[in-house]
Amino acid sequence: MARRVTRLILGAIALWVLATWYYTWSPPQTQMPNYGVIPDTAMDKSVRWNKPPPNHPLPSLTPLPTELPSRRIPKVQATPPKEDEDAKKIRMKRLNAVKESFLHSWNGYKKNAWLKDEVLPLTADYQNPFGGWAATLVDSLDSLWILDLKDEFEIAVKSCELIDFTTTETKEINVFETTIRYLGGFLAAYELSGKQHPGLLKKATEVGELLMGAFDTPNRMPVARWDWQAYLKGKNQKPSFNTLISEIGSLSMEMSKLSQLTGDMTYHDAAQRLSDEIEAGQSKTKLPGMWPVVVDPSVTPVRFAGDSFTLGGMSDSLYEYFPKQYLILGGALEQPRKMYEGFIEVAKKHLFRRALNPDNLPLLFSGDANIRRNPTGDPLVITRPRAQHLTCFAGGMVALAAKIFERPADMETAKQLTDGCVWSYFATPSGIGPEIFTFIPCDVDPAKDDCKWSQQRWIDAGKQYWYGNLEPDEVLDKSITDTYKERKLPEGMVEVNDRRYILRPEAIESVFLMYRMTGDKAWADKAWKMFQAVEKHTRTRTAAAALNDVTVASPAQVDSMESFWLAETLKYFYLVFSDFDVVSLDTWVLNTEAHPLRRADAMG
Ligand code: DMJ
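Here's a quick rundown of the structure. Think of each chain on its own: its residues are numbered from 1, step by step along the sequence as written. The model is predicted, so local features are restricted to residues of pLDDT at least 70 and side-chain atom pairs to those at 80 or more, both for listing and for counting; the totals for chains, interfaces and linings are taken over all residues. The side-chain numbers reported here are obtained from all heavy atoms of the structure, hydrogens and water having been left aside.

Moving on, we get to the overall build of the protein chain. By the criteria applied, helices consist of DSSP H or I runs no shorter than four residues and strands consist of E runs no shorter than two, each listed in order from the N terminus. Across its full length, the protein chain holds 21 helices and 16 strands. For a compact globule the rule gives 2.2 Å times the number of residues to the power 0.38, and the radius of gyration it is set against comes from C-alpha atoms. Its C-alpha radius of gyration of 26 Å places the protein chain within 12% of the 25 Å reference for a compact globule of 604 residues. Here the protein chain holds 604 residues, and the buried ones make up 58% of them. Nonlocal contacts in the protein chain, meaning residues at least 24 apart in sequence, comprise 73% of its contacts between residues at least 6 apart. For the protein chain, the exposed surface amounts to about 25800 Å²; the carbon and sulfur share of it is 55%. With 71 positive and 77 negative side-chain charges, the protein chain shows a spacing of 3 Å between the two charge centroids. Three labels apply to residues, based on accessible area from a 1.4 Å probe with only protein chains included: buried if under 20% of the type maximum, exposed if over 50%, partly exposed otherwise in between. Only heavy atoms matter for contacts: two residues are in contact if any of them lie within 4.5 Å across the pair. Surface exposure here means Shrake-Rupley accessible area, sampled with a 1.4 Å probe, where a residue is shielded only by the protein chains that are shown. Charge counting treats Lys and Arg as positive and Asp and Glu as negative, with His and both chain ends excluded. To locate a charge, the coordinates of NZ of Lys, CZ of Arg, CG of Asp or CD of Glu are taken.

As structure tokens, then:
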């Protein structure tokens, strides 16, 4: 009997030990949904940002330029097209449709993901890919203001007070994304709303202060993916030797604007050091005038030794910022203009290509350039006819620069670049342009090539693309037409390399800028057609979703809605149908007090 009791007691103790171990070490039972980003479990959650004394203090700070610009910056907006009552009714209907779409997604975010980075539009869940500091909320503040959703704006501004920038579960802070989505978001909203909400500037300063930690390196170049906790623990950090050029090349507008608004030159100084390095490297790259996608800022001077050049992903905003930074600084600094002028002719020569299309429209696309060696060892520039949705900002950039830098002939280039992107929308069965496709370049010399469409030319381009190692007559035309059919390729494309549409803004941004700068109503009609297609396919019960394949009539939706849908894409659609004095480019872009309104937003 005593032995049975002892066994029972021992059993109970064993059970208790097991249970204690299980509850202490097993995962919590209330399963957290998968938010897409796995927080680093090794992160010390008690660590909070508290600015440490710098490891590499600066003897002095570069101040904002104060001299008056040597040249007057010309106005950019055209006279709005005349409109009768019927035309106005149509425009207002379109405007309201965009506003309704915005409210639908905004409410979906509010209900399901408030204070989180992104709503998941299919599962009505959320995810935190940008530090968990309410990216969609902050990024969309200026849209709320522009769309005249002032009550929502007030609620959102109030909620910003709850965002805690002293901590995050993210191990590495992405300095570029944090700058454009958060810092840019606060600054744009602060200025647009007439500087009536000092809390927004306070938040911007918190972000700016945090980001300055990433610049505390021996050469003051930033660590683009920044381990903030290691830095707090005293790590002597260095930038990575393979950094993307856009991640260090497009911080300037937000940093300089923060200095303009606070009077603290720390931020502008950080940006100016970067710009000086980038300018110094401009003529020393393998494609002088442009910068390679991957650079090494861990050394001084920064090394720009890469072989690949593009206006697309990983480089785009570097170029986009030149005219906009020139404007932010009121034209008082020639450097961004010089860098623009130094690169644009190179891009025209090596990247921009006329493209064959069944309607024989004058279209341009911005491809990629790679540097190879020819048999004698000399560098050879190979242009790859790969068009990315991300390059669609180029039309708007070239148009803006054509106006402010007085390059009127470039307006035609801007038009053709923008029309290229519009064509990529209208060419697909869904009515939306793909993320990446391969086009058919015509000879750069119009005297040698009239760039006239024929089915045979499309087929021959396919032979070249798919069977480049064979002689053209070794490949049957039929095998190419079969490939085109199987791969559902619109006439004029030889491959769609990435079939997604992820709610990106670049194409509509350029259409909007072209409309405001030319006053040609055709742009508004193009925008409406684009909007209808985007709205039809992306809308979900909760918000709006990315698409997996725009080359089919009914693309499947993907459970993602990045903050730029509300912060950029719908804002540009809305501005297309607004009066020209809503965020007039001449007020907000040319005014030396103008806000950065985030990288892609020359005006909003
Ligand atoms: C935007 O968030 C920014 O404009 C960035 O510079 C590149 N593109 C995305 C949206 O596509």
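The structure having been displayed, the exposition proceeds.
A separate point is the state of the cysteines. Disulfides are defined as pairs of cysteine sulfur atoms found within 2.5 Å of each other. Across all of its chains, the model carries two disulfides by this definition. Between the sulfur atoms of Cys392 and its disulfide partner Cys421 the distance amounts to 2.1 Å. Measuring the twist about the S-S bond at about -100°, one finds the Cys392-Cys421 disulfide to be left-handed. Highlighted residues: Cys392 in the loop between strand E12 (386-388) and helix H14 (393-404) and Cys421 in helix H15 (residues 410-426), separated in sequence by 29 residues. Across the pair, exposure class does not vary: Cys392 and Cys421 are buried alike. In the protein chain, the cysteines engaged in disulfides, taken in order along the sequence, are linked 1-2, 3-4.

It is worth spelling out the side chain of Lys203 at this point. Among the secondary structure elements, Lys203 is positioned in helix H7 (residues 198-212). We define a polar contact as two N or O atoms separated by no more than 3.5 Å, with the added condition that, inside protein, one atom must be a possible hydrogen donor and the other a possible acceptor, whereas residues neighbouring each other in sequence contribute only through side-chain atom pairs. At 2.6 Å, the side chain of Lys203 and the backbone oxygen of Ile163 are in polar contact. Apart from residues no more than four positions distant in its own chain, Lys203 is found in contact with Cys160, Glu161, Ile163, Phe165 and Phe186.

What follows concerns unusual backbone geometry. Residue Pro301 follows Thr300 across a cis peptide bond; omega there is -10°. For Pro301, the location among the structural elements is in the loop between strand E6 (294-295) and strand E7 (308-310). A positive phi angle, near 70°, is found at Ala134, a position not held by glycine. The topology assignment puts Ala134 in the loop between strand E2 (125-127) and helix H3 (135-139). Here the phi dihedral of Cys451 falls at roughly 60°; this positive angle occurs in a residue that is not glycine. You can see Cys451 is positioned in the loop between strand E13 (436-439) and helix H16 (455-466).

Next up on the list: empty space enclosed by the protein. Grid points spaced at 1 Å and placed over the protein atoms alone form the basis of the search, with a cavity being a set where a 1.4 Å probe fits but cannot get out and a pocket an open set showing protein on both sides within 12 Å along at least five of seven lines. Lining residues have an atom within 4 Å of a point. Grid points are joined across faces, edges and corners, and a volume is the space filled by probe spheres set on the points. Tallied over the entire structure, the rule returns three cavities of 30 Å³ or more. Volume-wise, the largest cavity comes out at about 140 Å³. Contributions of two or more residues to the lining of the largest cavity are made by helix H9 (245-249), helix H11 (266-281), helix H12 (316-328) and helix H13 (335-350). If you tally residues by element for the lining of the largest cavity, the top one is H11, at five residues. We call Asp, Glu, Lys and Arg charged. Ala, Val, Leu, Ile, Met, Phe, Trp, Tyr, Cys and Pro are nonpolar, and the rest, Gly among them, are polar. For the lining of the largest cavity, the per-class residue count stands at twelve nonpolar, six polar and no charged. Lining the second largest cavity are 15 residues, and of these Phe365, Gln388, Thr391, Cys392 and Cys421 sit closest to its centre. Here the lining of the second largest cavity gets four residues from one element, more than from any other, and that element is H15. Here the lining of the second largest cavity is built from residues that sort into ten nonpolar, five polar and no charged.

Right, let's get into the environment of Leu162. Note on placement: Leu162 falls in the loop between helix H5 (150-160) and strand E3 (172-174). When the C-alpha positions of Leu162 and Glu206 are compared, they lie 13 Å apart, and in sequence the two are 44 residues distant.

Our next topic: helix H2 (residues 85-113). Because each turn of an α-helix spans 3.6 residues, side chains separated by three or four positions in sequence point in the same direction. Here the expected span of a helix is defined as 1.5 Å times the quantity of residues minus one. For H2, spanning 29 residues, the distance from its first C-alpha to its last is 41 Å, which sits close to the expected 42 Å at 1.5 Å a residue. Three or more residues of H2 are buried, namely Arg91, Arg94, Leu95, Val98, Ser101, Phe102, His104, Ser105, Trp106, Gly108, Tyr109 and Ala113. Between the side-chain oxygen at the start of H2 and the backbone nitrogen of Asp86 there is a gap of 3.2 Å, and the oxygen is on Asp84. Downstream of H2 by one or two residues, Leu115 has phi in the positive range, about 70°.

It is worth spelling out the packing of aromatic side chains at this point. Here a pair means two rings of Phe, Tyr or Trp (six-membered ring of Trp) with centres within 6.5 Å. Their orientation is stacked below 30 degrees between planes, edge-to-face above 60, and tilted elsewhere. The final tally for this structure, using the stated rule, is 33 aromatic pairs. Ring plane angle 20° and centroid distance 6.4 Å describe the contact between Phe102 and Trp106, whose orientation is recorded as stacked. Placement of both Phe102 and Trp106 in helix H2 is noted, with a separation of four residues, approximately one turn of the helix. Per residue, the accessibility class of Phe102 equals that of Trp106, and both read buried. Centre to centre, the rings of Trp106 and Tyr109 are 5.8 Å apart; their planes meet at 40°, and the pair counts as tilted. Of this pair, Trp106 and Tyr109 both sit in helix H2, three residues apart, which is roughly one turn of the helix. Each of the two residues, Trp106 as well as Tyr109, counts as buried. Between the NZ or CZ atom of Arg516 and the centre of the ring of Phe580, over which it lies, the distance is 5.2 Å. Geometry around Phe426 places Lys529 over its ring, the cationic atom sitting 4.0 Å from the centre. Think of it as a cone above the ring: NZ of Lys or CZ of Arg counts as a charge over the ring if it is within 6 Å of the ring centre and within 35 degrees of the ring normal.

Our next topic: the sheet that holds strand E10 (residues 368-373). Two strands in a sheet stick together by hydrogen bonds in their backbones, pointing the same way (parallel) or opposite ways (antiparallel). For two strands to be treated as a pair, DSSP must find no fewer than two bridges joining them. Pairing is antiparallel in the open sheet, where three strands are placed in the order E7-E10-E11. A single partner strand is all that each edge strand has here, and the edge strands are E7 and strand E11 (379-384). Neighbouring strand axes in the sheet, compared pairwise and without regard to direction, differ in orientation by 25° on average. Relative to E11, E10 runs antiparallel, the two being bridged by six bridges. Along E11, the bridge assignment pairs Asn370 with Ile382. Fitting a line to C-alpha atoms yields each axis, with helices limited to the stretch in contact; the angle taken between N-to-C directions then spans 0 to 180 degrees.

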